[in-house]
Number of protein chains: 2
Amino acid sequence: MFQDFKLVGDRPVAIQVKEYVKRLIIKGALQADQKLPSTREMSDVLKVSRNTVIAAYEGLEDDGFTYAIPGKGSYVAVMSGQLAPNNGGADGSAAAWQIDWKTRMNEYAVSAVELDMMKQGIRAKKGTISFTSIAPDEQLFDLGDVRRAFLDRMAIEGQVLLNYGYAKGYKPLIDYLMRYMENKGVDISGKDMLITSGFTEGFDIVLSALRPSARRGAAICENPTHHTAIKNLKLQGYEVTGIPMERDGIGVNQLEAVLQKQPHRFDLAYLTPSYHNPTGIVMSPAKRSAVMKLMMRYQIPVIEDGFNEELRYSGAHVAPLIATAGQGNGVIYIGSFSKVLFPGLRVGWVLGDRALIDHLESIKRARSIHTSTLDQSVLYQYLLNGNFDKYIKKARMEYKRKYELAKACCEAHLPEARLSGDGGLHLFLTLPEGVDTRRLLEACTDQGVIFTPGDRFFIQEGEGTNTFRLGFSRVTDEHIERGIRIIGQQARSFLKA
Amino acid sequence: MFQDFKLVGDRPVAIQVKEYVKRLIIKGALQADQKLPSTREMSDVLKVSRNTVIAAYEGLEDDGFTYAIPGKGSYVAVMSGQLAPNNGGADGSAAAWQIDWKTRMNEYAVSAVELDMMKQGIRAKKGTISFTSIAPDEQLFDLGDVRRAFLDRMAIEGQVLLNYGYAKGYKPLIDYLMRYMENKGVDISGKDMLITSGFTEGFDIVLSALRPSARRGAAICENPTHHTAIKNLKLQGYEVTGIPMERDGIGVNQLEAVLQKQPHRFDLAYLTPSYHNPTGIVMSPAKRSAVMKLMMRYQIPVIEDGFNEELRYSGAHVAPLIATAGQGNGVIYIGSFSKVLFPGLRVGWVLGDRALIDHLESIKRARSIHTSTLDQSVLYQYLLNGNFDKYIKKARMEYKRKYELAKACCEAHLPEARLSGDGGLHLFLTLPEGVDTRRLLEACTDQGVIFTPGDRFFIQEGEGTNTFRLGFSRVTDEHIERGIRIIGQQARSFLKA
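Residues numbered from 1 in each chain as written. Chains lettered and ligands numbered in written order. Predicted model: local features only at pLDDT ≥ 70, side-chain atom pairs only at ≥ 80, totals over all residues. Heavy atoms only, no water.

Per an unreviewed UniProt entry, chain A carries the name PLP-dependent aminotransferase family protein and comes from Paenibacillus terreus. Under the heading Sequence similarities (unreviewed entry), UniProt records this for chain A: "In the C-terminal section; belongs to the class-I pyridoxal-phosphate-dependent aminotransferase family." Under the UniProt heading Cofactor (unreviewed entry), the entry covering chain A gives this text: "pyridoxal 5'-phosphate". (UniProt positions renumbered as here; feature names shortened; annotations may be inferred.)

Participant: Pulling in residues and values, what's your account of the overall build of chain A?
Facilitator: Looking only at helices and strands, one finds 17 helices and 16 strands in chain A. When its C-alpha atoms are laid out on the principal axes, chain A stretches across 90 × 60 × 50 Å. Scored against the burial criterion, the 497 residues of chain A give a buried share of 64%. Entry remark: accessible area of chain A is about 18300 Å², with carbon and sulfur atoms responsible for 52%. (Helix = DSSP H or I, 4+ residues; strand = E, 2+ residues; numbered from the N terminus. Buried < 20%, exposed > 50% of the residue type's maximum accessible area, 1.4 Å probe, protein only. Areas by Shrake-Rupley, 256 points an atom, 1.4 Å probe, with all protein chains shown as cover.)

Participant: Account for the relation of the copies chain B and chain A, with residues named and values stated.
Facilitator: You can overlay chain B on chain A at an RMSD of 0.1 Å; the transform is a turn of 180° with a shift of 0.0 Å along its axis. The superposition operator between the copies reduces to a two-fold rotation axis. Taking C-alpha positions as the reference, the residue of chain B nearest the rotation axis is B:Ser372, at 3.5 Å. Taken as a fraction of all interface residues of chain B, those also at the interface in chain A reach 100%, which identifies the copy contact as same-surface. (Least-squares fit on C-alpha atoms with pLDDT ≥ 70 in both. Contact = heavy atoms within 4.5 Å.)

Participant: I'd like a rundown of the packing of helix 16 (residues 437-446) of chain A against helix 17 (residues 477-496) of chain A, residues and numbers included.
Facilitator: Residues and elements named next belong to chain A. Across the interface, helix 16 lies against helix 17 with an axial gap of 10 Å and an inter-helix angle of 130°. In this view, helix 16 runs oblique relative to helix 17, as classed from their interaxial angle. With respect to the hand of their crossing, helix 16 and helix 17 are arranged in right-handed fashion. Note on element contacts: helix 17 touches helix 16 through Ile 487, Gln 490, Ala 491 and Phe 494, opposite Arg 439, Leu 440, Ala 443 and Cys 444. The residue makeup of the contact of helix 16 with helix 17, split by class, is six nonpolar, one polar and one charged. (Axes fitted to C-alpha atoms, helices over the stretch in contact; angles between N-to-C directions. Parallel < 35°, antiparallel > 145°, perpendicular 65-115°, else oblique. Left-handed = near helix turned anticlockwise from the far one by under 90°. Nonpolar A, V, L, I, M, F, W, Y, C, P; charged D, E, K, R; others polar.)

Participant: Give me the interface of chain B and chain A: which residues, what numbers.
Facilitator: Residue-level contacts link 138 residues of chain B with 138 residues of chain A. Between chain B and chain A, a total of about 12100 Å² is buried, with carbon and sulfur atoms accounting for 56% of that surface. Between chain B and chain A we count 16 salt bridges in total. Notably, a salt bridge pairs B:Glu361 with A:Lys119, separated by 3.3 Å at the nearest N-O pair. Counting residues per element, the side of chain B that touches chain A draws most heavily on helix 14 (residues 354-368) of chain B, at eleven residues. (Buried area = accessible area lost by both parts, 1.4 Å probe. Salt bridge = Lys/Arg side-chain N within 4 Å of Asp/Glu carboxyl O.)

Participant: Residue-level account of the pairing of strand 4 (residues 191-196) of chain A, with values.
Facilitator: Residues and elements named next belong to chain A. Counting buried positions along strand 4 yields six of six residues, so the element is predominantly enclosed. Bridge count between strand 4 and strand 11 (residues 348-353): six bridges; the pairing is antiparallel. Each residue of the ladder has a partner; that of Lys 191, found in strand 11, is Asp 353. (Pairing = 2+ DSSP bridges.)

Participant: Describe in detail the sheet that holds strand 7 (residues 249-250) of chain A, supporting the description with residues and values.
Facilitator: Neighbouring strands of a sheet are bound in pairs by backbone hydrogen bonds; such pairs are parallel or else antiparallel. Residue and element names in this part refer to chain A. What the eight strands build is an open sheet, ordered 4-11-10-9-8-5-6-7; its pairing is mixed. Each of the sheet's edge strands pairs with one partner strand only, and the pair in question is strand 4 and strand 7. Taken together, the seven bridges between strand 5 (residues 217-223) and strand 6 (residues 238-246) define a ladder with parallel strand orientation. What sits directly across from Ala 219, in strand 6, is Val 240. Its contacts with the sheet put helix 8 (residues 198-210) on strand 4, strand 6, strand 8 (268-271), strand 9 (302-305), strand 10 (331-336) and strand 11, and the angle it makes with strand 10 is roughly 155°. Together, strand 5, strand 6 and strand 8 form the strand contacts of helix 9 (residues 227-235), whose direction differs from that of strand 6 by roughly 155°.

Participant: Could you give an account of the sheet that holds strand 16 (residues 467-471) of chain A, naming the residues involved and the relevant values?
Facilitator: Residue and element names in this part refer to chain A. Spatially, four strands are ordered 12-13-16-15 in an open sheet, and the strand pairing comes out antiparallel. The open sheet has two edge strands, strand 12 (418-420) and strand 15 (452-453), and neither has a second partner. Relative to strand 13 (residues 426-430), strand 12 runs antiparallel, the two sharing three bridges. By the bridge assignment for strand 13, Ser 420 is matched with Phe 428.

Participant: Describe the packing of aromatic side chains, with residues and values.
Facilitator: For any pair of aromatic rings, the description consists of the separation of the ring centres together with the inter-plane angle of the planes. Residue and element names in this part refer to chain A. For the structure shown, the criterion picks out 35 aromatic pairs over all chains. Relative to Trp 349, the ring of Tyr 180 has its centre 6.3 Å away and its plane inclined at 90°; by these criteria the two rings are edge-to-face. Residue Tyr 180 is located in helix 7 (residues 171-182), and its partner Trp 349 is located in strand 11; the two are separated by 169 residues in the primary sequence. Take Tyr 180 and Trp 349: they sit in the same class, and that class is buried. (Phe/Tyr/Trp six-rings, centres within 6.5 Å; stacked < 30°, edge-to-face > 60°.)

Participant: An account of the environment of A:Gly348 is requested, with residue identities and associated values reported.
Facilitator: Among the structural elements, A:Gly348 can be located in strand 11. Judged by its relative accessible area of 0%, A:Gly348 falls in the buried class.

Participant: Can you break down unusual backbone geometry residue by residue, with the values?
Facilitator: Each neighbour pair has its own omega, and for A:Asn223 with A:Pro224 the value is 5°, a cis peptide bond. Mapped onto the elements, A:Pro224 comes out in the loop between strand 5 and helix 9. Non-glycine residue B:Phe2 carries a positive phi angle of around 65°. Residue position: B:Phe2 is located in the segment before helix 1 (13-27). For B:Phe2, a relative accessible area of 11% puts it in the buried group. With a phi close to 65°, B:Asp33 is a non-glycine residue in the positive phi region. Along the chain, B:Asp33 falls in the loop between helix 1 and helix 2 (39-46). Since its relative accessible area comes to 44%, B:Asp33 is described here as partly exposed.

Okay, here's the thing in structure tokens:
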């Protein structure tokens, strides 16, 4: 006995001894009321110091696995509720109980799996050049500044940060972000803000509050659009109507036509006016006001996705729709720094009418009490310290360079592809009709290059089968060049055929 | 102009200048194509260094608020999409658009507000002795160890921590917690784990997956029980049946009677076998196996709330239900350290059958992508460093002391009250029939003492009106003594009447 004890390097030894003995008790190798070896014996057998064993034995007693008899030693406690080892439930105990969980899952759970792209994602082998990610390049992260932000905040109110916070969010961060949105031209009078665990939670909470109780919901959005948004809309039971994109944003005439036909149909519109995902298009100012006037006429609340707004590479600042709306309260703006800053910090914000936010706050509390205070306060201090402005300047320069490189490579190696996008972390390409980008992907995968087929961004099955998205934020210059050349070669062979 | 510029102490000056000018542009005080003062002029007016102004002007250009003409200076860019100031939408623009959001909220959103206790919470005036919280006492937090855990982890993989993680959770933490649960006697074969943003998100996700699509759900639980759990069950559309508590846990005979009457009714059971909230009762080993046999016979999945399991003050370790179930997969265990460790770190875990967890993982991804990697990794490193064992030893001692003090005070000042609870951070008291603890609370509030009336922990309206919960974790010894004495005085006057 005690021969199989092995020390690992990275944990206090006393805890390793404690857990080792616990397992022997759990497994039944040590029986109830059995005496443990003396601390001296144990330290000899396990080749650890006697003080270590003493600490371990104390821990076992604290955790209720042993009891001490003064002057005699430590004894194994009766593990109540514990199954005898190898008791496979032959006695008809709950140990034999098996539920077929698949049959217990409802539509929502089943669709969640079906619509979960991560579970249908392409498994790329090592060394593959991957254009599938649009996450930021972690090489740009200024870890030193993040570390300082954490230490600054901990020094100011560490105990507060580690205890419960508020569902609405961390007050200093809310105040900061309200100012931040004001500086984008937003009139914040009558508006309020909810901090969420990133864009996705904010979006899902808004959908869950606006979904009609009696009938299925109906949403209208750009087509193509952000696939996660399509997923959440479907999971929340919305029928989704897509309006084709044009070079300067959503097709306003088509939008108007659809609304005229069914004036009372839609519960909400979901729009990404800046650096739209996947097309990268920035909606023109003219279209912005045209769209807003339509939404007002048909009284359709707008959920504005602030996605990548910070990644403007050129041209004048374009105000978000919620700024265009002035004191109007018809727009719900959902923002996040995840695509620019640190996605690992799950922080997003919902800005909208005060009465709306009041409801969303209660839903947020019911769902997850509140967003990580640590994430919120580190982000706040990081912003306050002025690190964001410094970082975004560096990030913009680097991404702009990669953006132009990727664009140049596409023009050189993929002349047949129509390119869209004015910025952001990806390009969206459209090949001539008939080229199936899923088959193109298979061919490229064999050549060690992967990308995201575009059809998954479209509302209807079979749309956009000749499109694909190239995310370049985490690809080296050399790989961008080589990868796009390979895609070009493969595409040409498809075009010949 | 520029006279109202005011510097604040805690932000880089260049950023303050940039944001100040931005606001002038947004407000329309600076018009499109208007020339900004030269950097020298501006530094004189604002009384900041010229380099600061130069940096601010660069920032304005980067953000697209100005453009530079070489050799001439900086000019205000055309703010496309921007509303003209004072344009209240007289032109019928979207600025006039008002939605009555209250009318747009569905049942779920409205109930979320109605069931939101924080919004009906008692607002205590300064200096009030509050027994309403059962959050940990932040004075016990070992900030130094948390700081070190953060720095250790950042040093090892800072860039990874700040970029996207996995919906399932941070792998090292999952591995650690699987071992941790094994050490509680759980057979982890065939089981898997999902990390969530605390217990509440895990619970809500499980409920959303098990809720029947066709009809209302039906849940059975202890009565009284955790009020947040009741709230989430109701919000997810479950009818809740409560089984009265006895001194050693749920009333098994009553439970059996209810199940016999409607053998196929219930979709799930929600149970808190250890340090049950609010009664603090630990279910006896005999009852644990009796309950498990019933659940198996009627094939009712059990959601086990691991609430406060770590706060065992005496007696032998009692294995959780999921351990009692051995290789059986009928129990879903939801754990969290929030009541013991740091609630600000929103980390909980769901341990259950692998096929179940696979579905829950996709729901988690759809709801919030993943739990804060920072929270998960700091917690992991903190645990790995052995800090938890050190901390829990200290916390147990302190809470046990307060628990015994509070108990003694109740016996001295509230002899009429029946006391329940074997540990944890609160006591649950039952006064003689007819004493309304909400009215008692009103009387005590006037005397500067507040607590949680017990009725909110009961399933049906009008139950437990003579009960209340005393959370002592964040109350000083002196206040525990004085507060309970005051409650006793008030209670007696009610009993006389």
